[in-house]
Each structure stands twice: as structure tokens, then as C-alpha cells.
Amino acid sequence: MSNLTFSLSLLLLSLLQCTTTLAQSPASPPVSPPVLPASPPGPSGPPNITKILEKASQFTVFLRLLGTTQVGNQINSQLNDSSNGMTVFAPSDSAFSSLQAGTLNSLSDQQKSELVQFHVIPTFLSISQFQTVSNPLRTQAGDSGPFKFPLNVTTSGNQVNITTGIVNTTVGGTVYTDNQIAVYQVDKVLLPWSIFGPQPPAQAPAPATPKKKKARAADAPINADTSGAGSAFVDVNVIVLVMSVAIAVCAGFVS
């Protein structure tokens, strides 16, 4: 019995010591979930002309025109829907400040839209490609014929010269390019001839050709209709005369 009591005492003492040890040991830190490798970034979206110019921070007037005319949205939409790319000549704020006072305010909404579109070419052109393009370049403004929206470029090395017939300028530098859109700074606003140039005098209308009147029967020359009747009248008189003579001769023989 004493051995049993002693064994139970030892067991209780061991349990008490183990419990004390566990209570004093620090708690184990929580196990963190495994860190997964970061997924690669997705493909970047299409370029946005507004964001490009906002980042460049010296095209506030051109940005405002892009917004009010909705041409900026048109450019972004075409970049999404077409593989031809775009080229934009962006006039700096100093270019607009060199215009005569009131120039922009004097334009109608349609003219403002045409002015902005005149700075946009519906194909991507790198600096080197300007050496091989055909003049005049066709812009988003439309007809590139004389007195309309002609835009001509020439190159000298890496320098690109631009003329509209109203202004001459050069490409001042590349703002952005990514093979979808190229944005080049120009130090003058490209003024199209259709809006700012003298127009040719209007041609006088051709004189109307008088219509020929159809001849009516009543208007026909009298001689044409009576010549035959006159000759017939003469023939009858001759016949009457001959007959009278013949009767007189016969009467003479009878008597």
C-alpha cells in the first residue's frame, strides 16, 4: 500500500511539474501562410493621347482643344480599332501664345475641329519615314488639295520641316512614340489654308445656251407653200386659153 501511495505521489508531482513548465513556456508564433510569387503584370492598355500630353505638361491649350472638339476621343478610338497607328503634331503652349490675339475665339466650332484634325495624320510615321512620304500629306481634316488642307514635309538629315502654305515650322522633338502613335512637338500652330488662307475668286456661271424654237406649220415661209399653187394657177389659165382658141377655130370651120 505504501508503495502504491508513493508511486501516485511521484506521478502527481511529475504532472504538476509538466503543467508548470508548459505554463511558463512562451506561446508559439502563428504560422504565416506561404507567400505566393507575384503574378506578372498584364499587358498595358492602348496609348491615350490625353494622358501622353498631360504627362508632358506643356500642351494645355492643345489638350483643351482636343477635349472641346472631341478629337481626342476620336484619336483614342481609332487607336483601338485600327492597326495603322496615328501621328500627332502637338503645338506647345508657346506656339499658341504666338498667334494673334483672338485667333481661336474667331473660329467656329467646325473650324476649331478642322484645325485640330489638321494636326493629326491617320498613320504612324517615325522620323525616318518622313523622308519617303508623298506630299501633300493627308490629315484627318480631309481634302489635301489646293486651297483646302495641304500639308507638306521635307527632311534634312533628322530634321523634319513642315509647311502649310501659311506657316513654316520644324518638328521640335519627339514627345512620345511606341509604334502605335507618334507625338511630335511643333513650335508653331499648323494653320490650314482652308481656314486662314485667301480663297480663289468664285467662277462666274457659264452663260445659258438659248434653246432653239421648233418651227410651227403656221410659221413656215409662205413662198415654200404657195409656189406650187401659183404654178398650178398659171397652168389652168393656159389650158383655158388653148381651149377658147380651139372652140373659136372650130366655130369658124362650121360657119
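How each quantity is defined
- Residues numbered from 1 in each chain as written.
- Predicted model: local features only at pLDDT ≥ 70, side-chain atom pairs only at ≥ 80, totals over all residues.
- Heavy atoms only, no water.
- Pairing = 2+ DSSP bridges.
- Helix = DSSP H or I, 4+ residues; strand = E, 2+ residues; numbered from the N terminus.
- Contact = heavy atoms within 4.5 Å.
- Axes fitted to C-alpha atoms, helices over the stretch in contact; angles between N-to-C directions.
- Buried < 20%, exposed > 50% of the residue type's maximum accessible area, 1.4 Å probe, protein only.

A.B. asks: Got a sec to walk through the sheet that holds strand β5 (residues 168-177)? Specific residues and values, please.
C.D. replies: Strands in a sheet are paired, the pairing made by backbone hydrogen bonds, and the direction either parallel or antiparallel. Strands sit in the order β2-β1-β6-β5-β4-β3 across an open sheet of six strands; the sheet is mixed. Two strands in the sheet have a free side with no partner beyond their single neighbour: β2 (120-121) and β3 (152-156). Sheet analysis places β3 next to strand β4 (residues 159-163), joined by five bridges and oriented antiparallel. In the sheet register, Val153 faces β4, and the bridge partner there is Ile162. Running at roughly 155 degrees to strand β1 (residues 86-91), helix α4 (residues 71-81) makes contact with β1, β2 and β6 (181-186) of the sheet.

A.B. asks: Describe helix α6 (residues 109-117), and please don't skip the residues or the numbers.
C.D. replies: Every buried residue of α6 is accounted for by Ser113, Glu114, Leu115, Val116 and Gln117. Those residues of α6 that are buried are in contact with α3 (60-68), α4, β2 and α7 (193-196).

A.B. asks: Could you give an account of the pairing of β6, with specific residues and numbers?
C.D. replies: Where a strand is regular, its side chains alternate between the two sheet faces. For β6, the tally of buried residues reaches six of six residues, placing the bulk of the element in the interior. Side chains Ile181, Val183 and Gln185 of β6 all project onto a buried face; the interleaved residues Ala182, Tyr184 and Val186 project onto the opposite face, where all are buried too. Bridge count for β1 against β6 is six bridges, and the pairing is parallel. Bridge pairing in β6 places Pro91 opposite Val186. Pairing of β5 with β6 involves five bridges; the strand directions are antiparallel. Of the residues in β6, the one forming a bridge with Thr177 is Ala182. In this structure, the hairpin formed by β5 and β6 is closed by a connection of three residues, where Asn179 is found at a positive phi of approximately 75 degrees.

All we've got here are geometric facts, nothing functional implied.
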